[in-house]
Amino acid sequence: MKTLAIFAATILTGLSLTVAAEEPKESAKPDGPTLQLRAEQSPDGIQVLVDAVDRAKVNEKLYVDMIGLRLWVDSADSLQRLRSFVSTPGASLAVKQKLGASIMETGVEPDMIPVHGEEGKKLGTEGMVLLEKGEFTRSGEYWDSSGGGLGEDDKPFHGDKYQVRVASFSIDKYKVTNEEYCRFLNDGNDGYWTPWNLRIGKAVEGRNAGKFVPADHSLAKHPVVLVNWYQAKGYAKWAGKQLPTEAQWEYAAGGKEGRKYPWGNDAPDETRLDFPIQYKHTVPVDWFPAGATPEGVFQMAGNSGEWCADYFDNASYQKAPADGVAVNPKGAQQAFQPDTWYRYRVMFKGWCKANRADYFTCTKRHSRPPLADAMAGVSFRCVKPGCT
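Residues numbered from 1 in each chain as written. Predicted model: local features only at pLDDT ≥ 70, side-chain atom pairs only at ≥ 80, totals over all residues. Heavy atoms only, no water.

Visitor: Kindly report on the sheet that holds strand E19 (residues 346-349), identifying the contributing residues and their values.
Guide: Spatially, four strands are ordered E20-E19-E15-E21 in an open sheet, and the strand pairing comes out mixed. Every other strand in the sheet has two partners, leaving strand E20 (366-368) and strand E21 (378-379) as the edge strands with one partner each. (Pairing = 2+ DSSP bridges. Helix = DSSP H or I, 4+ residues; strand = E, 2+ residues; numbered from the N terminus.)

In structure tokens:
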């Protein structure tokens, strides 16, 4: 496979000393804590530490932009050390892992990089499917693979049976592709690149020199993977859209009639998705038309899971509202739940690859920490509110 892109040896494009005045004007900083980095010199080398600090006290001139996050830095000396330390994909991955551990321990979320560019707004509802408002039934029985997968002895979870009512919205017909994500990066959002994603890099020659491109033409129409929850939200904002709520995703996948699988109630087979597994990695987003929903939304089962907007918990899903109808539900009210085994997780729906049909049911739930970015695991698609 001919490689068309080469990856920089550093991620200095994702590191910044830019003063706040050069950023687009935004509302005043919200109150509350955020995450800040410290880089200390030790006998074993540079040690990067993550602190939860008062957002009002950060120095807006000192920050690192990487993987969709604006990470405040405690001092100019720390920033200089970070420039030296975060010079390879492996080192930046180590910083991400520290950030992930801090989120799970403290419940404090990092800030996102302000989104730039106007190209995304031009997309409108192109390539989207309009779904009229309606209701569907949550039956009270569903699979949940949040523990890492479905074991041989696992049984479905159970909760209350109730109705879910959603307003009209449009949803992307296909998952967001590598090609589309590159368009976002090239519109002034290079801090949303994942340095260890070998499927996307900067071209070094030709008409796209200096721009982000899929590493090979054959990957252009594959779903973008190795993106975390914040990167997915950044793309959605750039496109003038949102990540779907779990309820919107379920409605798009199962319809008013509550289909077991996106295409209907018949069992999965090789015409509807990669089942049983034949392909080691992702495939183009327009494959398997027989697996699309009756409304024409592709691959809501298989190829990759998909980030949703909701924080994860069990209670908000299992417990019926007092009147038996949940109207445009948005999941848990807060992400951090330190007394639970999952502590801090966000939703995704669907699944990438499996030889077990239960993974592809429309009601199956899954969650991950927001900085998870599995190679072939999680992608996303967007929604846009419609007329109610």
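Resuming the write-up.
Visitor: An account of the packing of aromatic side chains is requested, with residue identities and associated values reported.
Guide: Under the definition given, this model contains 27 aromatic pairs. Considering the side-chain rings of Tyr63 and Trp72, the 5.8 Å spacing of their centres and the 80° angle between planes classify their relative orientation as edge-to-face. A relative accessible area of 7% places Trp72 in the buried class. In textbook terms, an aromatic cluster arises when at least three aromatic residues are bridged by ring pairs, as seen for Tyr181, Phe184, Tyr192, Tyr235, Trp238 and Phe380. Here Arg70 stacks its cationic end above the ring of Tyr63, 3.8 Å away from the centre of that ring. Over the ring of Trp143 we find Arg356; its NZ or CZ atom is 5.0 Å from the centre of that ring. (Phe/Tyr/Trp six-rings, centres within 6.5 Å; stacked < 30°, edge-to-face > 60°. Buried < 20%, exposed > 50% of the residue type's maximum accessible area, 1.4 Å probe, protein only. Lys NZ or Arg CZ within 6 Å of the ring centre and 35° of its normal.)

Visitor: Run through the packing of helix H3 (residues 178-185) against helix H4 (residues 229-238), naming residues and quoting values.
Guide: In a pair of packed helices, the angle between the axes and the distance between the axes together describe the arrangement. Running from amino to carboxyl end, H3 crosses H4 at an angle of 75°, the nearest separation of the two axes being 10 Å. As judged from the angle between their axes, H3 and H4 are roughly perpendicular. Counting all contacts with H3, which are made through Glu180, Tyr181, Arg183 and Phe184, the residues of H4 involved are Gln231, Gly234, Tyr235 and Trp238. Here the contact of H3 with H4 is composed, by residue class, of four nonpolar, two polar and two charged. (Axes fitted to C-alpha atoms, helices over the stretch in contact; angles between N-to-C directions. Parallel < 35°, antiparallel > 145°, perpendicular 65-115°, else oblique. Contact = heavy atoms within 4.5 Å. Nonpolar A, V, L, I, M, F, W, Y, C, P; charged D, E, K, R; others polar.)

Visitor: Quick rundown of the confidence of the model for the chain? Include the residues and the values.
Guide: Confidence along the chain averages 90 in pLDDT terms, with 91% of residues attaining 70 or more. Within the model, pLDDT remains below 50 along residues 1-28, and this stretch shows 61 contacts once partners closer than five positions in the same chain are excluded. (pLDDT = per-residue confidence, 0-100.)

Visitor: Describe the pairing of strand E3 (residues 45-54), with residues and values.
Guide: Looking at chain direction, strand E2 (residues 33-42) and E3 are connected through 10 bridges and run antiparallel. Pairing of Leu37 across the sheet is with Val50, part of E3. Where E2 folds back on E3, the antiparallel hairpin that results is connected by two residues.

Visitor: Kindly report on the nonpolar core, identifying the contributing residues and their values.
Guide: The tendency in soluble globular proteins is for nonpolar side chains to be buried as a group. The biggest cluster of nonpolar side chains holds 65 residues, and the ones touching the most others in it are Tyr181, Tyr235, Trp307, Phe360 and Phe380. Ranked by residue count, the leading element in this core is H4, at six residues. Among the nonpolar cores identified, the runner-up in size contains 25 residues, and Tyr162, Val297, Met300 and Ala320 belong to it. (Core = buried A, V, L, I, M, F, W, Y, C linked by side-chain atoms within 4.5 Å.)

Visitor: Break down the environment of Cys382 for me, citing the residues and quoting the values.
Guide: Along the chain, Cys382 turns up in the loop between E21 and strand E22 (383-385). With relative accessibility at 0%, the residue Cys382 sits in the buried group. Residues Cys382 and Glu132, 250 residues apart in the sequence, show an inter-C-alpha distance of 16 Å. Here Cys382 is in contact with Met128, Ser170, Ile171, Asp172, Val176, Tyr235, Ala236, Lys241, Gln242 and Pro244, once residues within four sequence places are set aside.

Visitor: Tell me about helix H1 (residues 76-85), and name the residues and values.
Guide: Listed as buried for H1 are Ser78, Leu79 and Leu82. Along the axis of H1, the buried positions cluster into a sector of 100°, meaning they face one direction only. H1 presents Ala76, Asp77 and Gln80 as exposed residues on the side facing more than 90 degrees away from its buried surface. (Arc of directions from axis to C-beta.)

Visitor: Summarise the side chain of Gln231; cite the residues concerned and give the values.
Guide: Positionally, Gln231 belongs in helix H4. Looking at Gln231, its side chain comes within polar contact range of the main-chain oxygen of Tyr192, at 2.8 Å. Ignoring anything within four residues of it in the chain, the contact list for Gln231 reads Ile67, Gly68, Tyr181, Tyr192, Trp193, Thr194 and Leu226. (Polar contact = N/O pair within 3.5 Å; in protein donor to acceptor, adjacent residues only side chain to side chain.)

Visitor: Kindly report on the state of the cysteines, identifying the contributing residues and their values.
Guide: Every disulfide links exactly two cysteines, by a covalent bond between their sulfur atoms. Considering all chains together, one arrives at zero disulfides under this definition. With no disulfide of its own, Cys352 has Cys308 as its nearest cysteine by sulfur position, at a separation of 15 Å. Its sulfur unpaired, Cys382 is 11 Å from the next cysteine sulfur, which belongs to Cys308. (Disulfide = S-S within 2.5 Å.)

Visitor: Go over unusual backbone geometry, please, and point to the residues and values.
Guide: Leaving glycine aside, a negative phi is the common case for residues, and trans is the common case for peptide bonds. Of the consecutive residues Phe275 and Pro276, the connecting peptide bond is found in the cis state with omega at -5°. Considering the arrangement of structural elements, one finds Pro276 in the loop between helix H5 (246-254) and strand E15 (305-311). Of note, the phi angle at Asn303 is positive, near 80°, even though the residue is not glycine. Considering the arrangement of structural elements, one finds Asn303 in the loop between H5 and E15. Here Asn303 falls in the buried class, since its relative accessible area comes to 5%.

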